[in-house]
Structures are given as structure tokens and as C-alpha cells.
Amino acid sequence: MSVTIHLHPLLYNQIDNREIIDTTGSTVGECIEQLITRYPILHDYIFYKDGNLQTFVEIYVNLKTAGPNELEWPVKDGDKIYVMMTVAGG
Amino acid sequence: MAAQNKPGGYTGKILRVDLTNEKISEEHPDNDTLRKYVGGTALGAKYLYEEVPRDVEWSDPENRIMFFTGPLSGTKIGGTGIFSVISKGPCTNMAGASQANGFFAAYLKFAGFDGIIVQGQAKKWSYIYIHDGTAEIRSAEHLVGKNTWETEDIIKEGLKRQGSVYSIGPAGENLVRFASIAGDHGHVAAHNGLGAVMGSKRLKAVVAERAPGFINVADPDRLSELSKSIYEIGQKAMPTLSSGGTADGYPILYRAGQLPVKNYTTNIFPDFEKFGPNYLRTRFINTPTSCWSCRFGHCRVTEVTEGPYKGYKGEEPEYEGLAAMSSVIGQTDPGATVMLGDMTDKLGIDVNESGYMLGWIMECFEKGLMKKEDLDGLDMRWGNAEAALSMLKKITYREGCGNLFAEGVKRAAERFGGEAAKCAVYTMKGATPRGHDHRGRWAEMIDTCMSNTGTIETGPGVAIIKELGQSPFKDPFDAMEVSTMNAKVSGRRIFEDSIIICFLTSQDFRLEVEALNAATGFDYSIEEALNVGKRAINLLRMFNLRHGLAKSMEAPSERYGSVPVDGPHAGKSIMPHWDALRSNYYMNMGWDPETCKPLPETLEKLSLGHLIPDLNRI
């Protein structure tokens, strides 16, 4: 089951501008775990030291907010996960 | 400065309008000044420091109010219709800098000017009309009492070409301390009451009429490429901005425990989904609107289709307006939120301060700390939208109890006194925070309290910028880590408010610096660009010290710094760390931890060495 992860520019800047990463998994958490396995540098940009998602990280699936419990959010073949960062403002 | 020598992106002319003497003149900043201060907030900070001495109060004719563009204004770069308003503001009685988007900066540049400095006080209500390389002071007597939308529409009827009108509403005329400046039907420079400064000068509006032509830049081809890159990066960074607007943040911030609910008394708000785009943008009738050169088009004019305000048409509130007129005041009807948010813009009052004012009054009313007789008979229960509207109008016209509340949350709370005073959300400098619960967002509470402008200054959420050599946050509730990080990233936001660009649609600092170089022909490095922002921060701090800033003012009120009783951050308390984090922030900023003054070496490093003798006089 192929699920793509689309990264925020501040994240893909850390991994030689690889913007879209192919993964497999049935939940957002499983797919992000694969992402982190391949690019461990991203762990500290997405999670706090206690393992929780950073508060300014937003997860979307197919451009819809995946929440609450983002990491348990189910995904299926062809879905697109967006890992984004909040900016202050509005 | 000879016109042929000026850097690209500038007209090279600043308009000075003396309302007392009805005199209009032009000034030409030299290239060194432009390189050092760029434009927008930083350039305004320079003039504010030089021209507004210690004994000048915000309402004094000798106060200045400045409307400044930057070298990117009016170019192809998206979101460069934005401009910065700089003055001594009424809420903090210190420096104020607030930005509004739309078209004004672009049209002002086309009309021939990089900025406007206004001083004095008009004998009669006036507006400034700028067009074709010249300016006029015109009578605004026929506009007195008109709201901001009416004022804009009436003035535009008399323009030859497209124009941008930024005006005050009745709140600014009546010197409400949190009066705003609104224009382009829905864009607002709201923070620190700069609309009241316009009111004190009897200045109803500033008008820029578009003239034919374009902005000369040093390298137009490179700027075009960068425009495309900035847009593409922005789209990747905010893929839902176009479709969802900033309302997209509402449910996200609720789940993160950062949505302010019922004046910071709780973090539980079951109706939160009704204020996200899935509701607002599917049930209401929406028409997209856009700012200068912006391809995101995330703003909307909206028509309410259900509930008591069915048929109401107005600007869709941005996230902070949504929060202020829903969760903050315990109000659950999105239609009422649209109405209240739109009315704050039209009356000309800051929606954030309005929300915290209404929330404070409602909490006090529910707890019996304020009686109906204190409130001119209004039934200020949580969520009573009609009573909220009536109160906003009382404040706007300073009628009855509204005269007290028109002084802003801090001053009203202090004057009302008793237990009620302990419930108010504000900074000790005198402004209210933006529309978040900062007890779950320590970086922004620290920023809000330490800022020199009356609103945020460093802009948290950008702490991972590679260009700044920062490592990511380990713990957002580690007071020392957060205060250190805030100091390290300071400068970027004010740089953006100086070049000046919309930070929502531009997400890459490196590209912003490249765009500045392509426009001007200068060769700023990342470090020099950051120092533009740091220079402005230190200059504004020196201004504030001269106008009464003390270390004790850099703290939250009792309620603002309280401990959440529920929600994701229940029990987390920032105040036990406050003294230590404040000192740590000062030290990382190069400021004296005891006096909060910049150290001489900090000023020297930022090419502000000429201010060192002033340290002993403030």
C-alpha cells in the first residue's frame, strides 16, 4: 500500500530537498515511522523528546486535517500525508 | 540623493505632512540610511526615535504616525501590498508597529512615495490624498461618524483611478485606546491603538491612488524568478491556505490547547469544529478576495446562511477574529462571529482587545463581580452576541460604561479594581495578546511580553530555520530553552516587516533576502538582514526606555500567566520560571538583566553606537 508523505519546506530542507517520500502503512504513524527510519534527522523536527508531536506540526491527509490522534489516523493506498508547520499569525 | 543613484525598489521620496501648519514636503533618505534600515518598521523606528522625545505623549500633536512601505512593495512578489504603521501607541504608551495588507503599499509606491510621516494636529477633520507624485490635505468633515467601510466607499467614488483607503472609524475619532486603522475592505492595522493616534490628529484617512507605471528594481528577471519560487515554497508550506484560509488553524489550535476559551478560564470548547473551514466554507456563501499580487487568494467575503444573522454579509474573520468573537467570549454561532468580527473592523477597534474586553466583562458578570447596573443594563452572559455588539458600540462612542472600557483591558481592570481586576488578560505594558491561549504556547507569551511594539516581535514557530543555524525545540515548556530560542531567532520577523512582505505567503527567509538584493541591487547577507531586524528591536527598546519601560512591565497579568485548569496543558505553570527566563532572554539579546537596557557593545555591534550616550539618560 503506497502512501506519499509531502514535507514542509523547512523539513525537506533537512534532507537534500526531497519533498515527497514514498512509504507504506495503514496509519499516519506507521508511515511517519518509516520516514524517520530513513531520515532520522527529521525526528527532532517532528517530535518532542517525550515522543509527542510538536505543537506546531500539523498533519493533513489529502489536504484535510487529520485529528485528533493524528498518528492513529487511517490511510489507504494512494493517500497523501502532509507534514506541515504552523506559522504564527492570522 | 540624486535619483539616478538610488537603489532599486525605492522611489527615494518620503512624504512629510504637517497637519498643524498644513504643510507638505518631501525628504530623500540617503543610501546608507536605506541600507541600514531598509523600510517598513525598521525605518519607522529610526524616525520615531529621532523625532518623538520623552515628554511627547501618544495624543500629543508632536507624536508622529508613519505609514511605510519597503523596497519589495508593489513588485511581482506576492503579498507586498502590505505596509507598516509606526507611532507611539496608546495601549502601551510606548512604541507601536502594526501591519495591514491589501493594496496600500503598492499604490503609494506607484503614486511616488516610499512612506508618509504625519505630524501635528489638523484644525478640522482631514484626510491625506496622495496621487501622481503629489499630495493634498483634504477636508474630511463629511466623513465624521462614518465607519471604515463607508469612509472607504465615499472617498473611492471621487478617485480617478484605483485607490487604497485606510481610515479610522468612530472609535478612532473618539480616541478609544484600542482603535484600529482599516482599509481595502477587511484589512486592519489593529495593534496598540494606532487608530486613536490618527484620531488625535483629526486625520480620518490616508488615500493612495494608483498611478500608471511600475517599480524600478535592480534585477527584474531575477526578481521574477524569485517571485515564482517564493510562491511555490509558500504553497508547499501552506497547502490548505487557499482553500481553508487562516480558519484552518482553529480546530488545530483547539486540539493543541492553544485556543483561548472563555477569557482563559477553560480550554474546553466543544463547538470548535463550527469555526473551521469545513463548516465556514461549505455552509456560508463565499467570494474570494485577494491582496496585491497574491496568488493564494485565501480571503473571503462571506454571507451567513443560517441562524439569527442569516443574510449578514461581511469579511470572513481571519483566525484571530474568529477566536476573539467565538471561544474567547463563549459564543457558539458562527454567523454571530462573522457579524461581530465584521463590526469591529467597521467601528474601527482591534478585534483581539475587543475579544478579551468582552470576555473579561462576561466572566465578571457571570461571577457577580460586575452587576447589570455597572454595565448600563446589558445582560453580558457568556455568548450573548447582541449584548456584545451593544457593548462594542458603547465602547466605540464612549457611552456610559463604555467610556471606562474604551481605555482598554489593563486600564479598565485597574480602575474597576477588586476581584474583577484579577480576571483580565493583558501584558503589564498595557496591550492584550493575540488570539491564542499562550499558556500552551510559551514562546509566544514570552514574545508578547518582551516585545517592543505592543504585539509579537520575534514570531515563534520559526525556530527551526536552517539558515539561522538553529536546532529544533526539545521541549516547548522548558522556559530556558524557549527564551533562548526566542532571542536567537529575533530579527527575522521585524526584517520581514521592514522589506515588507506577508509572512503567511512567504516562508523562506533565504529567498526573502535574495529578493531584497534583486530589488535593491544591494548584497545583504543572511546575517546583515537579521541585523536589520535586531537593530530595529534595539532602537524601539531604546525608545521605550525613554518613554518609561521598566523590567517589571515585561510580564503577563495574573490571569494571562495563570495555570490552565483543563485541556492538554492543565497544570503547566510558566510563572515560577518568569524571573529566570526573562533574565535569560535579556542576556541572550545582549541586554542588561537588571535594567533591561541594551548593553553598549550590543548597540555598537548593530551600528547604533551613537545611542550609547543616551543609555545614561534613560
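Before reading on, note that the structure itself is shown above.
First things first, this report covers the structure right here in the doc. (Residues numbered from 1 in each chain as written. Chains lettered and ligands numbered in written order. Predicted model: local features only at pLDDT ≥ 70, side-chain atom pairs only at ≥ 80, totals over all residues. Heavy atoms only, no water.)

1. Looking at the overall build of chain B
Then comes step 1: Helices and strands together make up the secondary structure of chain B, namely 25 helices and 15 strands.
Then comes step 2: For chain B, the C-alpha radius of gyration of 23 Å lies close to 25 Å, the compact-globule estimate for 618 residues.
Then comes step 3: The dimensions of chain B, computed from C-alpha atoms along their principal axes, are 65 × 55 × 50 Å.
Then comes step 4: Burial statistics for chain B: of 618 residues in total, 67% are counted as buried.
Then comes step 5: For chain B, restricting intrachain contacts to residue pairs at least 6 apart in sequence, the fraction spanning at least 24 positions comes to 69%.
Then comes step 6: A total accessible area of about 19,200 Å² is found for chain B, and carbon and sulfur atoms account for 49% of it. (Helix = DSSP H or I, 4+ residues; strand = E, 2+ residues; numbered from the N terminus. Rg over C-alpha atoms; globule rule 2.2 N^0.38 Å. Buried < 20%, exposed > 50% of the residue type's maximum accessible area, 1.4 Å probe, protein only. Contact = heavy atoms within 4.5 Å. Areas by Shrake-Rupley, 256 points an atom, 1.4 Å probe, with all protein chains shown as cover.)

2. Details of the overall build of chain A
Then comes step 1: Helix and strand counts for chain A stand at three helices and five strands.
Then comes step 2: What you see in chain A, going N to C, is helices and strands ordered as β-α-β-α-α-β-β-β.
Then comes step 3: Relative to the 2.2 N^0.38 estimate, which gives 12 Å for 90 residues, the radius of gyration of chain A is 12 Å and therefore close to what a compact globule would have.
Then comes step 4: Along the longest, intermediate and shortest principal axes, the C-alpha atoms of chain A span 35 × 30 × 25 Å.

3. Quick notes on the environment of Glu157(B)
Then comes step 1: Looking at the secondary structure, you find Glu157(B) in helix 4 (residues 148-157).
Then comes step 2: Spatially, the C-alpha atoms of Glu157(B) and Ala518(B) are 37 Å apart, while their sequence positions differ by 361 residues.

4. Thoughts on the packing of helix 18 (residues 442-450) of chain B against helix 23 (residues 578-589) of chain B
Residues and elements named next belong to chain B.
Then comes step 1: Viewed as axis vectors pointing N to C, helix 18 and helix 23 meet at an angle of 70°, and their least axial separation amounts to 12 Å. Accordingly, the angle class assigned to the pair helix 18 and helix 23 is roughly perpendicular. You can see that helix 18 and helix 23 cross each other, and the crossing is right-handed. Judged by residue contacts, Met445, Ile446, Cys449 and Met450 of helix 18 engage Trp578, Leu581, Arg582, Tyr585 and Tyr586 from helix 23.
Then comes step 2: Here the residues of the contact of helix 18 with helix 23 sort into eight nonpolar, no polar and one charged. (Axes fitted to C-alpha atoms, helices over the stretch in contact; angles between N-to-C directions. Parallel < 35°, antiparallel > 145°, perpendicular 65-115°, else oblique. Left-handed = near helix turned anticlockwise from the far one by under 90°. Nonpolar A, V, L, I, M, F, W, Y, C, P; charged D, E, K, R; others polar.)

5. Notes on the interface of chain B and chain A
Then comes step 1: With 34 residues of chain B in contact, the opposing surface of chain A contributes 29 residues.
Then comes step 2: Roughly 2,900 Å² is buried in total at the junction of chain B and chain A, and carbon and sulfur atoms are behind 61% of that figure.
Then comes step 3: For the pair chain B and chain A, the number of links is two salt bridges.
Then comes step 4: Counting across the chain B and chain A interface gives three residue pairs in polar contact (both at pLDDT 80 or more).
Then comes step 5: Elements with a minimum of two residues in the side of chain B that touches chain A: helix 7 (220-237) and helix 9 (249-255) of chain B.
Then comes step 6: Broken down by element, the side of chain B that touches chain A gets its largest block of residues, three residues, from helix 7 of chain B. (Buried area = accessible area lost by both parts, 1.4 Å probe. Salt bridge = Lys/Arg side-chain N within 4 Å of Asp/Glu carboxyl O. Polar contact = N/O pair within 3.5 Å; in protein donor to acceptor, adjacent residues only side chain to side chain.)

6. Thoughts on the sheet that holds strand 9 (residues 163-167) of chain B
Residue and element names in this part refer to chain B.
Then comes step 1: Spatially, the six strands line up as an open sheet ordered 8-7-12-9-10-11, and their pairing is mixed. Across the chains shown, the open sheet's two edge strands, defined by having one partner strand only, are strand 8 (134-139) and strand 11 (187-189). For this sheet the average axis-to-axis angle between neighbouring strands, irrespective of direction, equals 20°.
Then comes step 2: When strand 7 (residues 126-131) meets strand 8, the two strands line up antiparallel, connected through six bridges. By the bridge assignment for strand 8, His131 is matched with Thr134.
Then comes step 3: Sitting on the sheet, helix 4 is in contact with strand 7, strand 9, strand 10 (181-183) and strand 12 (203-209), with an inclination near 145° to strand 9. (Pairing = 2+ DSSP bridges.)

7. Overview of the environment of Glu19(A)
Then comes step 1: Topologically, Glu19(A) is positioned in the loop between helix 1 (9-12) and strand 2 (20-24).
Then comes step 2: As a C-alpha pair, Glu19(A) and Leu7(A) span twelve residues in sequence and 5.5 Å in three-dimensional space.
Then comes step 3: Residues contacting Glu19(A), with those up to four places away along its chain left out, are Ile5(A), His6(A), Leu7(A), Tyr12(A) and Lys236(B).
Then comes step 4: One polar contact links Glu19(A) to Lys236(B), side chain to side chain, over a distance of 2.9 Å.

8. A short note on the packing of aromatic side chains
Residue and element names in this part refer to chain B.
Then comes step 1: All chains considered together, the criterion is met by 21 aromatic pairs over all chains.
Then comes step 2: Ring plane angle 75° and centroid distance 5.8 Å describe the contact between Tyr47 and Phe68, whose orientation is recorded as edge-to-face. Separated by 21 residues along the polypeptide, Tyr47 in helix 2 (residues 40-51) and Phe68 in strand 3 (residues 65-68) bring together distant segments of the chain.
Then comes step 3: Taken together, a centroid distance of 6.1 Å and an interplanar angle of 35° make the contact between Phe269 and Phe275 tilted.
Then comes step 4: With a relative accessible area of 4%, Phe269 lands in the buried category.
Then comes step 5: Among the aromatic residues, those joined into a ring-pair cluster are Phe103, Tyr107, Phe110 and Trp292.
Then comes step 6: We note Lys46 situated over the ring of Tyr47; from NZ or CZ to the ring centre the distance is 5.4 Å. (Phe/Tyr/Trp six-rings, centres within 6.5 Å; stacked < 30°, edge-to-face > 60°. Lys NZ or Arg CZ within 6 Å of the ring centre and 35° of its normal.)

9. Examining the sheet that holds strand 14 (residues 299-303) of chain B
Residues and elements named next belong to chain B.
Then comes step 1: Pairing within the open sheet is antiparallel, and its three strands lie in the order 13-14-15. Strands with a single pairing partner mark the edges of an open sheet, and in this sheet they are strand 13 (285-289) and strand 15 (313-315). Neighbouring strand axes in the sheet, compared pairwise and without regard to direction, differ in orientation by 25° on average.
Then comes step 2: Pairing between strand 13 and strand 14: five bridges, direction antiparallel. Across the sheet, the residue bridging to Asn286 is Thr302, located in strand 14.

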